[in-house]
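Working through the structure, step by step
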Amino acid sequence: MAQPSSLVTTEQLAAVLSDPDLRLYDCTTYLEPAPSGSEVPYRAVPGDKTFAAGHIPGADFLDLQGEFSDTSAQQFFMMPDVAQLEAAFGRHGLDASKTIVLYSIGTMMWATRFWWMLRSLGVEARVLDGGFNKWKDEGRAVETGASQGYPAATFKAVPHPGFFVDKTIVKARIGDPSTIIVNALGPQYHRGLEPSRYGRPGRVPGSVNVPAATLVNADKTLAPLTDAQAKFTAAGVTRDKNVILYCGGGISATIDLLMLTQLGYDRLTLYDASMGEWARDPALPIETD
């Protein structure tokens, strides 16, 4: 039922660090305040500087917004077309025959976003539990400087439909008894109690709240599966439902998606544009407490 292969521990990674078939990637992005009066909710800054300051030996760096997103879209981090992804992953030496490990700094959500993207393309990757923070806290080897990269590869996607949905699908599923819509943002934003950087405060009507932050331990590792199951069950997220996840920009919700996958849920999808789109569109309904 569960799929433990979606995660790898620091111990497991250390044991295979010299494996020539390992493809290890730092996926970090930083969200910085947008300039005053800007229409965007934040600035997306690639983590290449922190990568150069310290990374797991042999790792390469992936720039999510720069190479792996649709830069013509109004929202950040939107899934681009398959051809763009095949070219970008191929440049970085990634292909399905390799052992792919993803990590990020500060929060695992950047690594889990790439994990979900790759799954949608038919490729299984693993996410480093606890990320670079846990690796560094344990006193493990750290390398500095720019990425040396991997030899280019031919990345051939086998796209799986249904991993991403748009606002039309989400709106159509509101009130559908076979569907449950889950918001991964914090409760204050879910309830509309605080101003939102995405636009109108509130949530997709009828959605329930399982914040990604509550699925993570203090050491940045994911919470035990039993704890996660209890949170999803309490929110009414059951395996017989079609589950639509959303957050602010389609990033933190992938932590929920990884947990649900580990728990054996398989009717999962992500509203890619999330509140970055929904909150700014007055034609879409919104709900607050």
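Analysis parameters
- Residues numbered from 1 in each chain as written.
- Predicted model: local features only at pLDDT ≥ 70, side-chain atom pairs only at ≥ 80, totals over all residues.
- Heavy atoms only, no water.
- Helix = DSSP H or I, 4+ residues; strand = E, 2+ residues; numbered from the N terminus.
- Rg over C-alpha atoms; globule rule 2.2 N^0.38 Å.
- Areas by Shrake-Rupley, 256 points an atom, 1.4 Å probe, with all protein chains shown as cover.
- Lys, Arg positive; Asp, Glu negative; His and termini not counted.
- Charge placed at Lys NZ, Arg CZ, Asp CG, Glu CD.
- Pairing = 2+ DSSP bridges.
- Contact = heavy atoms within 4.5 Å.
- Axes fitted to C-alpha atoms, helices over the stretch in contact; angles between N-to-C directions.
- Parallel < 35°, antiparallel > 145°, perpendicular 65-115°, else oblique.
- Nonpolar A, V, L, I, M, F, W, Y, C, P; charged D, E, K, R; others polar.
- Buried < 20%, exposed > 50% of the residue type's maximum accessible area, 1.4 Å probe, protein only.
- Salt bridge = Lys/Arg side-chain N within 4 Å of Asp/Glu carboxyl O.
- 1 Å grid on protein atoms, 1.4 Å probe; cavity = no way out; pocket = protein on both sides within 12 Å on 5 of 7 lines; lining within 4 Å.
- Points joined across faces, edges and corners; volume = space filled by probe spheres on them.
- Expected span 1.5 Å × (residues − 1).
- Core = buried A, V, L, I, M, F, W, Y, C linked by side-chain atoms within 4.5 Å.

On to the overall build of the protein chain. Looking only at helices and strands, the protein chain features 11 helices and 12 strands. In terms of overall dimensions, the protein chain is globule-like: its C-alpha atoms have a radius of gyration of 18 Å, near the 19 Å expected for 289 residues. Overall, the C-alpha framework of the protein chain stretches about 50 × 45 × 35 Å when taken along its three principal axes. Just so you have it, the protein chain exposes about 12300 Å², and 54% of that area is on carbon and sulfur atoms. Measuring between centres, the 25 positive side-chain charges of the protein chain sit 3 Å from its 32 negative side-chain charges.

It is worth spelling out the sheet that holds strand β11 (residues 242-246) at this point. Spatially, the 5 strands line up as an open sheet ordered β8-β12-β11-β9-β10, and their pairing is parallel. Looking at the sheet topology across the chains shown, the edges are occupied by β8 (164-165) and β10 (208-209). For strand β9 (residues 179-183) and β10, the ladder comprises 2 bridges, and the chain directions are parallel. By the bridge assignment, Asn183 is partnered in β10 with Asn209. Relative to the sheet, helix α10 (residues 253-262) contacts β9, β11 and β12 (268-271), its axis offset from that of β12 by approximately 180°.

Two numbers describe a pair of packed helices, the interaxial angle and the distance between the axes. At a minimum axis distance of 10 Å, the contact between helix α9 (residues 225-234) and α10 shows a crossing angle of 105°. When the interaxial angle is binned, α9 and α10 end up roughly perpendicular. Contacts between α9 and α10 pair Leu225, Ala228 and Phe232 from the former with Asp256, Met259, Leu260 and Gln262 from the latter. Along the lines of polarity and charge, the residues of the contact of α9 with α10 split into 5 nonpolar, 1 polar and 1 charged.

Moving on, we get to the environment of Asp281. Positionally, Asp281 belongs in the segment after α11 (274-278). Looking at Asp281, the relative accessible area reads 18%, which means it is buried. When the C-alpha positions of Asp281 and Thr154 are compared, they lie 39 Å apart, and in sequence the two are 127 residues distant. Excluding residues that lie within four positions of it along the chain, Asp281 makes contacts with Lys167 and Arg200.

Attention shifts here to the pattern of salt bridges. Tallied over the full model, the rule gives 14 salt bridges. With a shortest N-O distance of 3.7 Å, Glu11 and Arg140 are connected by a salt bridge. Here Arg140 lies in the loop between α6 (131-137) and β8 and Glu11 lies in helix α1 (residues 10-15), a separation of 129 residues in the sequence. The class for Arg140 is partly exposed, based on a relative accessible area of 25%. Two residues, Asp281 and Lys167, come together in a salt bridge whose shortest N-O distance is 3.1 Å. Of this pair, Asp281 sits in the segment after α11 while Lys167 is found in helix α7 (residues 167-173), placing the two residues 114 residues apart along the sequence. Judged by relative accessible area, Lys167 falls into the partly exposed class, the value being 30%.

The subject of this paragraph is the side chain of Ser274. When you line up the elements, Ser274 lands in helix α11. Judged by its relative accessible area of 0%, Ser274 falls in the buried class. Those residues within four positions of Ser274 in sequence are excluded, and the remaining contacts are Tyr246, Cys247, Gly248, Gly249 and Gly250.

Within a sheet, adjacent strands bond to each other through the backbone by hydrogen bonds, running parallel or antiparallel. Strand order in the open sheet formed by 5 strands is β1-β7-β6-β2-β5, with parallel pairing between adjacent strands. For this open sheet the edge positions go to β1 (7-8) and β5 (60-61), each flanked by a neighbour on one side alone. Lying on the sheet, helix α5 (residues 109-120) is in contact with β6 (99-103) and β7 (126-128); it crosses β6 at an angle near 145°.

Turning to the layout of surface pockets, a few remarks are in order. The volume enclosed by the largest pocket comes to roughly 440 Å³. Taken together, 24 residues form the lining of the largest pocket, with Met109, Leu185, Arg197, Tyr198 and Ser252 sitting closest to its centre. Partitioning the lining of the largest pocket into residue classes produces 17 nonpolar, 6 polar and 1 charged.

This part takes up α5. Taking 1.5 Å of rise per residue, 12 residues should cover 16 Å, and α5 covers 16 Å from first to last C-alpha, within 8% of that figure. Here α5 lies mainly inside the structure; 12 of its 12 residues are buried. Of the positions making up α5, those classed as buried are Met109, Trp110, Ala111, Thr112, Arg113, Phe114, Trp115, Trp116, Met117, Leu118, Arg119 and Ser120.

Once that is clear, we can look at the nonpolar core. The tendency in soluble globular proteins is for nonpolar side chains to be buried side by side. Core analysis: the biggest nonpolar cluster contains 89 residues, and Phe89, Leu102, Phe232 and Val237 have the highest contact counts within it. The contact partners of Phe232, leaving out residues within four places of it in the chain, are Val210, Leu215, Val237, Asp256, Met259, Leu260, Leu263 and Tyr265.

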